[in-house]
Amino acid sequence: MPRLPRLTPDSPSARALYDKIVAGPRGTSMLDQEGGLAGPFNAMLLSPAVGDALQELGAAVRYRSSLSDRARELAVLVVASAWDSAFEQQVHEPIARSLGLTDAQLADLRNGRPPALGDPSEAAVVRVATALVSRRDLDDEEYALLPESVVFELTTLVGYYSTLALQLRVFRVPG
């Protein structure tokens, strides 16, 4: 049962954050049937200043990083599996499927297994993301798999989606 009711933007700063999320690249996809913010975005209204910074970080890792769309979704789904985050799986599996990931690959990711991937850089992203969520570190071999700029972006993405998964869990947001 959700711990947090659907919040309404009841202050100017909360209204500004709500409008920014809805007008941004996520659009209305993060609205529930009643027009409230869905998933992790609802809780962001509790602290608009922190919520805005967090959603800006999310927009950067999702829409402005050098990771390919497929690599990004692979990493998000690794985090979703590690945190058992049904909401993130429900949101990101269809995106990954639209990018060409197969049902078998999605099942592997959902079950914490590395999927068979033909692209070595995508396989490296999965390996690095898996190490980050399981050991919270990289050994020298894993560190060397990707350019340092990609390691930076990937560690940021893993940290961001881990934060969302934690918030989704604490506020009991259903998947």
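Report follows, based on the coordinates.

What counts as what
- Sequence order as written defines the numbering, with residues in each chain counted from 1.
- Per-residue local features are limited, in this predicted model, to residues with pLDDT of at least 70; the limit for side-chain atom pairs, both in listing and counting, is 80 or more; totals at the level of whole chains, interfaces and linings are taken over all residues.
- Where side-chain values are given, they derive from all heavy atoms of the structure, hydrogens and water being excluded.
- Whenever a carboxyl oxygen of Asp or Glu lies within 4 Å of a side-chain nitrogen of Lys or Arg, that contact is scored as a salt bridge.
- Cavity and pocket criteria rest on a 1 Å grid covering protein atoms alone: a 1.4 Å probe that fits but cannot get out defines a cavity, protein on both sides within 12 Å along at least 5 of 7 lines defines an open pocket, and an atom within 4 Å of a point defines a lining residue.
- Grid points are joined across faces, edges and corners, and a volume is the space filled by probe spheres set on the points.
- Gly is put with the polar residues, along with every residue not named as nonpolar or charged; the nonpolar set is Ala, Val, Leu, Ile, Met, Phe, Trp, Tyr, Cys and Pro, and the charged set is Asp, Glu, Lys and Arg.
- Helix numbering and strand numbering both begin at the N terminus, where a helix is a DSSP run of H or I of at least 4 residues and a strand a DSSP run of E of at least 2.
- In this scheme, a residue with accessible area under 20% of its type's maximum is buried, one over 50% is exposed, and one in between is partly exposed, where area comes from a 1.4 Å probe on protein chains only.
- We define a polar contact as two N or O atoms separated by no more than 3.5 Å, with the added condition that, inside protein, one atom must be a possible hydrogen donor and the other a possible acceptor, whereas residues neighbouring each other in sequence contribute only through side-chain atom pairs.
- By definition in these notes, contact holds between two residues if any of their heavy atoms fall within 4.5 Å.
- Helix axes are fitted to C-alpha atoms over the stretch in contact, other axes to C-alpha atoms as well, and angles between N-to-C directions run from 0 to 180 degrees.
- The labels follow the angle: roughly parallel below 35 degrees, roughly antiparallel above 145, roughly perpendicular from 65 to 115, and oblique for the rest.
- Handedness of each helix crossing follows the sense of rotation of the near helix against the far helix: counterclockwise by less than a right angle gives left-handed, clockwise gives right-handed.

Let's shift gears to the pattern of salt bridges. For the coordinates displayed, the defined rule picks out 13 salt bridges. Across the salt bridge formed by Asp103 and Arg97, the nearest N and O atoms sit 3.0 Å from each other. Shared partners join several salt bridges into a network, and the residues in it are Lys20, Asp52, Glu56 and Arg64.

This paragraph deals with the layout of surface pockets. Once rolled over the atoms, a probe with the size of a water molecule shows which space is left empty. Here the largest pocket is characterised by a volume of approximately 210 Å³. The wall of the largest pocket is formed by 13 residues, among which Leu4, Leu37, Gly39, Asn42 and Val173 lie closest to the centre. Its residues placed into classes, the lining of the largest pocket shows 9 nonpolar, 2 polar and 2 charged.

With that settled, the discussion passes to the side chain of Glu73. Relative to the assigned elements, Glu73 resides in helix α4 (residues 69-82). According to the relative accessible area criterion, Glu73 is buried, its value standing at 0%. Reaching out from Glu73, the side chain makes a polar contact with the side chain of His92 at a distance of 2.6 Å. Residue contacts for Glu73: discarding those within four places in its chain leaves Arg62, His92, Ile95, Ala96 and Leu99.

So, about the packing of α4 against helix α7 (residues 120-134). Their axes nearest at 9 Å, the elements α4 and α7 cross at an angle of 30°. One way to sum up the angle between α4 and α7 is to call them roughly parallel. Taken as a pair, α4 and α7 cross one another with a handedness that is right-handed. Taken together, the residues of α7 that come into contact with α4 (itself represented by Arg70, Ala71, Leu74, Ala75, Val78, Val79 and Ala82) are Glu122, Val125, Val126, Ala129, Thr130 and Val133. Looking at the contact of α4 with α7, its residues break down into 10 nonpolar, 1 polar and 2 charged.

The next point concerns unusual backbone geometry. In this structure, Asp84 is a non-glycine residue whose phi angle is positive, near 50°. Within the secondary structure, Asp84 sits in the loop between α4 and α5 (86-98). For Arg136, which is not glycine, the phi torsion reads 60° and is therefore positive. With a relative accessible area of 62%, Arg136 lands in the exposed category.

So, on to the environment of Arg3. Position of Arg3 relative to the elements: it lies in the segment before α1 (12-23). Exposure remark for Arg3: the relative accessible area of 52% places this residue in the exposed category. Separated by 85 residues in the primary sequence, Arg3 and Glu88 place their C-alpha atoms 18 Å from one another.

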